[in-house]
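Observations on the three-dimensional arrangement
Letter by letter, the chains look like this.
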Amino acid sequence: MNTKIIFVSGGVISGIGKGVATSSIALLLKSRGFKVTAIKADPYLNVDAGTLNPIEHGEVFVLDDGMECDQDLGNYERFLNQNLNSTNYMTTGQIFKTVIEKERALGYEGKTVEFFQDPPREIIKRIYSCAKVNRAEIVLFEIGGTVGEYQNLLFLEANRLLKLSSPRDILHVHLTYLPIPSSIGEMKSKPAQMSILQLAQAGIHADFVLARSQVAVDDKRKEKIAIACGLAAEDIISAPDVESIYQIPLNFENQELSDKILEKLKTKPRKSDLSDWKIMVNRVLTAKKTAKIAMVGKYFSTGDFTLSDAYLSVIESIRHAASHFDIKPKMRWIDSAQIETEGSGVLKGFDGIIVPGGFGVRAVEGIVSAIKYARENNIPYFGLCYGMQQAAVEFARNVLGYKDANTTEINPKTKHPIIHIMQSQKDNVKYKNLGATMRLGAWEWKTQKGTTFERVYKSTTGSERHRHRYEFNNKYRKEFEKKGLIISATTTDGYLVEAMELKNHPFFVGVQFHPELKSRPLRPHPLYMAFMEAVSKQKKR
Ligand code: GLN
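Residues numbered from 1 in each chain as written. Predicted model: local features only at pLDDT ≥ 70, side-chain atom pairs only at ≥ 80, totals over all residues. Heavy atoms only, no water.

Attention now goes to the layout of surface pockets. One number sums up the size of the second largest pocket: a volume of about 780 Å³. Around the second largest pocket sit 42 residues that line it, and Tyr311, Gly357, Gly358, Phe359 and Arg467 are the ones nearest its centre. Sorting elements by how many residues they give to the lining of the second largest pocket places strand S11 (residues 327-335) first, with three residues. Counted by class, the lining of the second largest pocket contains 25 nonpolar, nine polar and eight charged residues. (1 Å grid on protein atoms, 1.4 Å probe; cavity = no way out; pocket = protein on both sides within 12 Å on 5 of 7 lines; lining within 4 Å. Points joined across faces, edges and corners; volume = space filled by probe spheres on them. Helix = DSSP H or I, 4+ residues; strand = E, 2+ residues; numbered from the N terminus. Nonpolar A, V, L, I, M, F, W, Y, C, P; charged D, E, K, R; others polar.)

Moving on: the nonpolar core. The biggest cluster of nonpolar side chains holds 52 residues, and the ones touching the most others in it are Leu140 and Phe252. If one sorts the elements of this core by residue count, helix H1 (residues 18-31) sits on top with seven residues. If we ignore the near neighbours within four places in the chain, the residues touching Leu140 are Ile6, Val8, Thr22, Ile25, Ala26, Leu29, Val36, Thr37, Ala38 and Ile39. Listed in part, the 40 residues of the second largest apolar core include Val296, Ile334, Ile418 and Ile419. (Core = buried A, V, L, I, M, F, W, Y, C linked by side-chain atoms within 4.5 Å. Buried < 20%, exposed > 50% of the residue type's maximum accessible area, 1.4 Å probe, protein only. Contact = heavy atoms within 4.5 Å.)

Right, let's talk about helix H15 (residues 364-376) for a bit. If you check H15, its first and last C-alpha atoms are 19 Å apart, about what 13 residues at 1.5 Å a residue would give, namely 18 Å. Among all positions of H15, only Val364, Gly366, Ile367, Val368, Ala370, Ile371, Tyr373, Ala374 and Arg375 are buried. Count one or two residues on from H15 and you reach Asn378, which has phi positive near 55°. (Expected span 1.5 Å × (residues − 1).)

On to the UniProt feature "domain: CTP synthase N-terminal" (unreviewed entry) in the protein chain, then. Summarizing the sequence annotation, UniProt attributes the feature "domain: CTP synthase N-terminal" (unreviewed entry) to residues 4-266 in the numbering used throughout. Measuring from the first to the last C-alpha atom of residues 4-266 gives 10 Å, for a span that is 41% helix and 17% strand. (UniProt positions renumbered as here; feature names shortened; annotations may be inferred.)

The environment of the ligand is made up of Gly357, Gly358, Phe359, Cys385, Tyr386, Gln389, Glu409, Arg467, His468, Arg469, Tyr470 and His514. One nitrogen or oxygen atom from the main chain of Gly358 is found 2.9 Å from an oxygen atom belonging to the ligand. The separation between a nitrogen atom of the ligand and a polar side-chain atom of Glu409 is 2.8 Å. For the ligand, the protein covers 98% of the area, taking 300 Å² as the surface of the free molecule. (Near = heavy atom within 4 Å. Polar contact = N/O pair within 3.5 Å; in protein donor to acceptor, adjacent residues only side chain to side chain. Areas by Shrake-Rupley, 256 points an atom, 1.4 Å probe, with all protein chains shown as cover.)

Read from one edge to the other, the open sheet built from three strands follows the order S14-S15-S18, with strand pairing classed as mixed. Among the strands making up the open sheet, the edge pair consists of strand S14 (406-407) and strand S18 (470-472). When strand S15 (residues 417-421) meets S18, the two strands line up antiparallel, connected through three bridges. In the strand pairing of S18, His420 is matched with Glu471. Lying on the sheet, helix H16 (residues 386-398) is in contact with S14, S15 and S18; it crosses S15 at an angle near 145°. (Pairing = 2+ DSSP bridges. Axes fitted to C-alpha atoms, helices over the stretch in contact; angles between N-to-C directions.)

With that out of the way, let us pick up the pairing of strand S16 (residues 439-447). Note that S16 and strand S17 (residues 461-468) share eight bridges and pair antiparallel. From the neighbouring strand, Arg439 faces S17, where its bridge partner is His468. Of the pairings in the sheet, the one linking S16 to strand S19 (residues 485-491) comprises three bridges and is antiparallel in character. Within S19, the residue paired with Thr447 across the bridge is Ala489.

With that out of the way, let us pick up the packing of H1 against helix H10 (residues 257-264). Axis separation between H1 and H10 bottoms out at 10 Å; the angle between their running directions is 75°. Taken together, the axes of H1 and H10 are roughly perpendicular relative to one another. Contacts between H1 and H10 involve Ile25, Leu28 and Leu29 from the former and Leu257, Ser258, Ile261 and Leu262 from the latter. Looking at the contact of H1 with H10 residue by residue, the classes come out as six nonpolar, one polar and no charged. (Parallel < 35°, antiparallel > 145°, perpendicular 65-115°, else oblique.)

Let's shift gears to empty space enclosed by the protein. Applying the stated criterion across every chain, the model contains one cavity of 30 Å³ or more. If you add up the space inside the largest cavity, you get close to 40 Å³. Broken down by class, the residue content of the lining of the largest cavity amounts to five nonpolar, three polar and two charged.

What follows is the structure, encoded as structure tokens:
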């Protein structure tokens, strides 16, 4: 079978779930027996997402091979339950970089390098190379941004060219939005019609339209869109708001989306199996208990909504694990600056505390106080990267008595640099060699025998994904262990600290890596499972 490529674009407004829709279609086609992969194409000139502010752009997701990419790759991995790699992510920056480097090497042999021809060709080349690397029969290609803006035209042009050369192998799915203005009280389809027509102006006829709205789209509006845009009404798929994003593929499948797609691709399904997925969704929806989890970090003035995007994988990982303990988690953002002014009393009543990854100085003392509160009051604590580093700082100050202990990220002059930076990283910072130079991607760990860490993983070795510059200072290992904060895992050479845990505490674990990058709805991460188990016990207490 030829490689099939399904482009996915979005219209009307951003943030309506293009990544989840792409992931859902990918999952459905996988459940029909095909090898599937997905690509995210971001229109901006950044070469990767590592230099983007997560508060503006959402979480920086990291793959095994160290690629720092858009958070949608996290959705793809979670829905597909597959590891992806750097071929699954592209930006206009990467495309231009390759085209210009090729031109400088006389790769175009004297020909004029054309803005609207050569970059789309490079995009197409990369799509097939991704299919090859991932051995995929079907590639989902999600076009970042919204139809109608200039930035993503090169990706649409790649779509148009491919459709011309292989019409039977290429489809386009357009995700659009139907508002229900409160003053009218009726679902309006005009913006959706406009976005579909705008796509047509770029030379692309949508094969399917996913109609996002608060509620299901009725037949009347489907007819309207169908007539105005030259589509069959049955190819307009209703995509209402749902409680859990994991319901979305099931909702699409109730409208026979995978059959309809395969029919247009002139391909027969090989099987149909969503049983595990259905069991998982049912468990998530029917969980009866609640537990309150505090996420402590510096607050960003753009509001809670943006914050939750910046820590998407952490939130999803908690959800994956929580349902196994019959829990619907209630997560609350606690501003560490508030702890600095009001004290850690604000943490009263929480069943678990998480300090997620982070950078920089602002409001860090509030984070340290939150960790002290969790340690002294036996509240389950889970520190992720920065959260492990600050747990080490807190322990050094309040248990070992080194009052000025710190990470050199915050106080380069501290007499007790518990967390410090290694020479190679120092040079990167000094020479502003800052793109893709952190400790990134999968690193193997080995565990110390008899630790919670070993018990939880049921393994003495494994691999987790990283994204940081600073490390635990080995000079303090012995002292820490003597006083009860155990180094529970290191890199396989024993050199870099990968995890720490407190003795005689219900659950106090800090990890230098990001376990949330590997949690999947069908395969919750063991550390998140252990944390949620402790949270559920804490609730009973
Ligand atoms: N700022 C810390 C470092 O660079 C932690 C980074 C993180 O939490 N991802 O090491």
